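Spelled out, the chains give:
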Amino acid sequence: MKTIADAAGVGRPRYSAAVRVSTLFVAIAVFCLAFADIAITTLDPWSEMQRMLLGVVTPDFFAVEAIGTAVVQTISFALVGVALAAFFGIILAQFFHIGPVRWACAIARSIHELFWALIFLQMFGLSPLTGVLAIAIPYAGICAKVYAETLDETPAAALNALPAGVSTISAFFFVRLPDAWAHIKNYTLYRFECGLRSSAVLGFVGLPTLGYYLQTAFSEGNYSEAAAQLIMFYVIIASLRLWMKPKLVGLYLLVAPFLLGGASQIRWDNVVRFVTEDIVPAPLRNADLLDPQAWSAFGDWLMMMLGDQALPGIVATVVLTQIALVATAFLTLAFFPLISTKFFGRFGRGVGHLFLVVMRSTPEFILVYIFLQLWGPSMLPAIVALALHNGAIIGHLLGRYSDEIRLRPDSASGFNLYAFEVVPRMYGQFLAYLFYRWEIIMRETAILGVLGIATLGFYIDSALADIRLDRVMLLLLVTALLNLGIDSLSRRIRAGLRLSTRIDSCRD
Amino acid sequence: MMTRILRRLTTLLAAALVAAPVVAADTFVFTAIPDQDEARLMERFSKVATYLSDQLGIEVKYVPVKSYAAAVTAFRNDQVQLAWFGGLSGVRARLLVDGSEAIAQGVEDPNFQTYFIAHSSTGLKESKDFPKEIAGMTFTFGSKGSTSGRLMPEYHIREQFGKKPDEVFSKVGFSGNHSKTVALVQSGAYQVGATNFKVWKRELAEGKIDPSKLSIIWKTPGYPDYQWTIRGDVDARFGAGFKDKVQAALLDMKDPDLLASFPRKGFIAATNSDFQPILDTARELKLVD
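Residues numbered from 1 in each chain as written. Chains lettered and ligands numbered in written order. Predicted model: local features only at pLDDT ≥ 70, side-chain atom pairs only at ≥ 80, totals over all residues. Heavy atoms only, no water.

## What to know about the overall build of chain A
Definition in use: Starting at the N terminus, helices and strands are each numbered in turn, a helix being any DSSP run of H or I of at least four residues and a strand any DSSP run of E of at least two. Between two residues, a contact is recorded if the distance between any of their heavy atoms is within 4.5 Å. Here the Shrake-Rupley method, with its probe set to 1.4 Å, supplies the accessible areas, and only the displayed protein chains count as covering residues. His residues and chain termini do not enter the charge count, which takes Lys and Arg as positive and Asp and Glu as negative. Each charge is placed at NZ for Lys, CZ for Arg, CG for Asp and CD for Glu.
On a plain count of helices and strands, chain A comes out with 21 helices and zero strands. Its C-alpha atoms give chain A principal-axis dimensions of roughly 75 × 75 × 60 Å. Taking contacts inside chain A between residues at least 6 apart in sequence as the whole, the part at least 24 apart equals 80%. About 22,800 Å² of surface is accessible on chain A, with carbon and sulfur atoms providing 68% of the total. Positive and negative charge centroids in chain A, built from 36 and 34 side chains respectively, lie 13 Å apart.

## With respect to the interface of chain B and chain A
What counts here: Accessible-area loss on putting two parts together, using a 1.4 Å probe and summing over both, is the definition of buried area adopted here. Salt bridges are identified by distance alone: a Lys or Arg side-chain nitrogen within 4 Å of an Asp or Glu carboxyl oxygen. Any N or O atom pair separated by 3.5 Å or less is treated as a polar contact, with the protein-specific requirement of one donor-capable and one acceptor-capable atom, and with residues adjacent in sequence counted only for side-chain atom pairs.
With 40 residues of chain B in contact, the opposing surface of chain A contributes 50 residues. Summed over both sides, the interface between chain B and chain A buries roughly 3,700 Å², with carbon and sulfur atoms accounting for 50% of that surface. By the criterion of area lost to chain A, the three top residues of chain B are Lys-66, Arg-76 and Lys-144 of chain B, representing 18% of everything that side buries. At the junction of chain B and chain A, the tally comes to six salt bridges. We note a salt bridge from Arg-267 of chain A to Asp-78 of chain B, for which the minimum N-O separation is 2.6 Å. Across the chain B-chain A interface, the total number found is 21 residue pairs in polar contact (both at pLDDT 80 or more). Looking at the side of chain B that touches chain A element by element, the count peaks at five residues for helix α1 (residues 2–17) of chain B.

## Remarks on the sheet that holds strand β6 (residues 138–141) of chain B
All names here are of chain B. Selection criterion: Two strands make a pair as long as DSSP finds a minimum of two bridges between them. Geometry is summarised by axes, namely lines fitted to C-alpha atoms with helices restricted to the contacting stretch, and by angles between N-to-C directions that run from 0 to 180 degrees.
Here five strands make up an open sheet; going across it, the order is β7-β6-β8-β5-β9 and the pairing mixed. Bordering the open sheet on either side are β7 (171–174) and β9 (214–219), each of which pairs with just one other strand. Direction aside, the axes of adjacent strands within the sheet are offset by 30° on average. In this structure, β6 lies alongside β7, joined through four bridges in parallel fashion. The partner of Thr-140 across the bridge, within β7, is Gly-173. Strands β5 (114–119), β8 (192–196) and β9 of the sheet are contacted by helix α8 (residues 197–205), whose axis makes an angle of about 95° with β8.

## Observations regarding the domain arrangement of chain B
All names here are of chain B. Rules: The split of the chain into domains comes from an automatic or database domain assignment.
Taken domain by domain, chain B comprises domain 1 (25–109 + 224–284) and domain 2 (113–219). For domain 1 versus domain 2, the distance between C-alpha centres works out to 27 Å. Each partner contributes to the interface: domain 1 provides 24 residues, whereas domain 2 provides 19 residues. Counting each side, the surface lost to burial between domain 1 and domain 2 is near 1,600 Å², with a carbon and sulfur contribution of 51%.

## Considerations on the sheet that holds strand β3 (residues 82–85) of chain B
Residues and elements named next belong to chain B. Taking strand neighbours across the sheet as the criterion, the six strands line up as β2-β1-β3-β10-β4-β11 in an open arrangement whose pairing is mixed. Each edge of the open sheet carries a strand with a single partner, namely β2 (60–62) and β11 (267–269). Taking each pair of neighbouring strands and ignoring which way they run, the sheet shows an average axis angle of 25°. By the bridge criterion, three bridges tie strand β1 (residues 28–32) to β3 in an arrangement that is parallel. The partner of Thr-31 across the bridge, within β3, is Ala-83. Where helix α3 (residues 68–76) meets the sheet, it contacts β1, β3 and β10 (227–230), and its direction lies at approximately 155° from that of β3. Packing against the sheet, helix α10 (residues 242–251) makes contact with β1, β3, β4 (101–106), β10 and β11, and its axis sits at approximately 10° to β4.

## A closer look at the pairing of β8 of chain B
In the case of a regular strand, side chains alternate between the two sheet surfaces. Residues and elements named next belong to chain B. Rules: For every residue, the accessible area (1.4 Å probe, protein chains only) is compared with the maximum for its type, and the residue is labelled buried under 20%, exposed over 50%, or partly exposed between those bounds.
Burial analysis of β8 places five of its five residues in the buried class, the great majority of the element. Taken together, the five bridges between β5 and β8 define a ladder with antiparallel strand orientation. When the bridges of β8 are listed, Phe-116 appears paired with Ala-194. Where β6 meets β8, two bridges bridge the pair, whose relative direction is parallel. The partner of Phe-139 across the bridge, within β8, is Val-192.

## Re the domain arrangement of chain A
All names here are of chain A. Segmenting chain A into domains produces domain 1 (15–49 + 310–508) and domain 2 (62–261). Overall, the association of domain 1 and domain 2 removes approximately 3,200 Å² of surface from exposure, summing both partners, and the carbon and sulfur fraction of that is 66%. We note a salt bridge from Arg-443 to Glu-113, for which the minimum N-O separation is 3.8 Å. Where domain 1 meets domain 2, there are five residue pairs in polar contact (both at pLDDT 80 or more). Residue assignment for the side of domain 1 that touches domain 2 shows that the elements contributing at least two residues are α16 (346–361), α17 (364–375), α19 (414–447), α20 (456–465) and α21 (469–496). The element that contributes the greatest number of residues to the side of domain 1 that touches domain 2 is α21, accounting for eight residues.

See the structure below:
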């Protein structure tokens, strides 16, 4: 029997590339789900959740005398770190066309701030420099890239109009920078907000920021205290635009370095030892490099590391990332209408905004930590936390984007409007945001190993516990390469789907 | 009400402004492995700092750290000169710092024990023999770098089953510290766990353990554990005989309140060789090269 479709030579319905890619990713996630451990292992998660909720409604702002100090130091680390990152970012952006500069920046940003902190802890201990560099280095890599792209996109007309003989430096300060300034300023402010999150999380490895007290409070079940600290953190972020005035930045930057606290001495022999001994693979340390035996021992070491640790770590990291990515996609589609003028009134949107702000302001590391306390160790807490956090970020962007869509006067409303007009019209943008977050989700997934989920971070944490820094460095390298791989794959998919290539505020 | 809040806020602000407590060069700094609840550690070691400061006549400061490895690293990097280590962390620290010495241990430490504990839903009861029934259950250690929470229980598990823990159990976790191990097994997050007998006894006395949910199922034979370890270069930095003074001060700790906070009956002298069994076990499990 011939159908109309056959007659038209179509055979079977041809889906668009975007739909095919989406289906593929969903299929991969479902496949991964079969291998993922997503059990709730606590016997009575609800009683713990009730205690947490009770804590939320009875925040205790005076439980920790040090909370003021923690807030000041959280802000100070973020300020100093991001300022350095912006300064070096703008310099590196000038040389971004040079391959090695670009690669170095890519590697710097492929390693999570907490991992950087763990490296610097070995060299500088709990000195403020550890926290500052942990933020400044990866952020400089990100800033360099974004600044370079921004500067490249400034209109060429003004530059062409310059008379001959104007130096590159003058051209930069008087022509290229002014054009890109508004964008760079906005992006740097956004980076600072991310910096506050990173700074807070650094407390988990012992720096004196909010995370330090937050972890203590959570692990001991003092939820009123934990709630107070989280609320302080939301207030800082929500009021950011009120106190982060251009005129005050200079003053802040003058004061911040003196508020970083705990000045333990830095000893250079520790730094030298780290670079020349600690990170040299054990079989080659103190060995004769011409001795083939040393190299064969190194080969065994490498095979052991890659086979026993890197490989299972990579598998778990990828499995968790793919599931979290698709979960993020679904939550995004559920979240964005909450703040869209097309679907909710003023009150509904207000509630939606509050929810999304809280979800995206809470560092995902802390969200995972909270859910781990509730449900016990498995991939489930990580999936839910990553999806909530990333879903809130993309949902927020998509919600704003949806407000700009012009509808015909006779368009449908409610669910029909959502499913048959708004979502299809925004689908490209939606995928673009998701693919940007893909790499970020993976970076975050790797670090979650520190909390006990068997991703790459778990093996890195174990090597650190044994003070085997050679293993730490090898596993970090593997993590960085995996991340670079995902980044390049994501770029290829975006190019293949012709998705817009620039969305700054979606990067983290 | 309002004025009270305002006053508190002013205090907070003032605290924030003097936030940078700079450590003077001649301050004697020590740390301890974070083996249990932080509030408790802070309470215990600030008392110790005051005590040592009185005895030694110089400023003594306690620096809290977030992990066992951070304690070892701080000791290695000379950011602390003295540490209250467990058996394994002490062995690691002394391997990394030439000339460092174990100088004191608790009266109970030469004969320390790990308790294997289980949730009541497993139906397991205390026995003299190693409970082989735990195979296939979920199991949590303490910190990855702990002697009583990791090294010794792993040693016994491998010895009994001839397999690695992740091959014996359906799931293996690292709770982070002993208090957490007790809490996780009590909540049922893990069926079985291994914890430090001192922490167990105290939590039991404090009523944090519900005997209807949680019980001891096996006690390991004794082994050497906690000790105070000091860097070899302290005499050069703080004056000749400083190490002996620190040791004397630790051995002389008689304040019942201070001792109860550890909890130890008292302190006795220790030497590096006391911990040879721990080093041998760690090498056997390939936790130390």
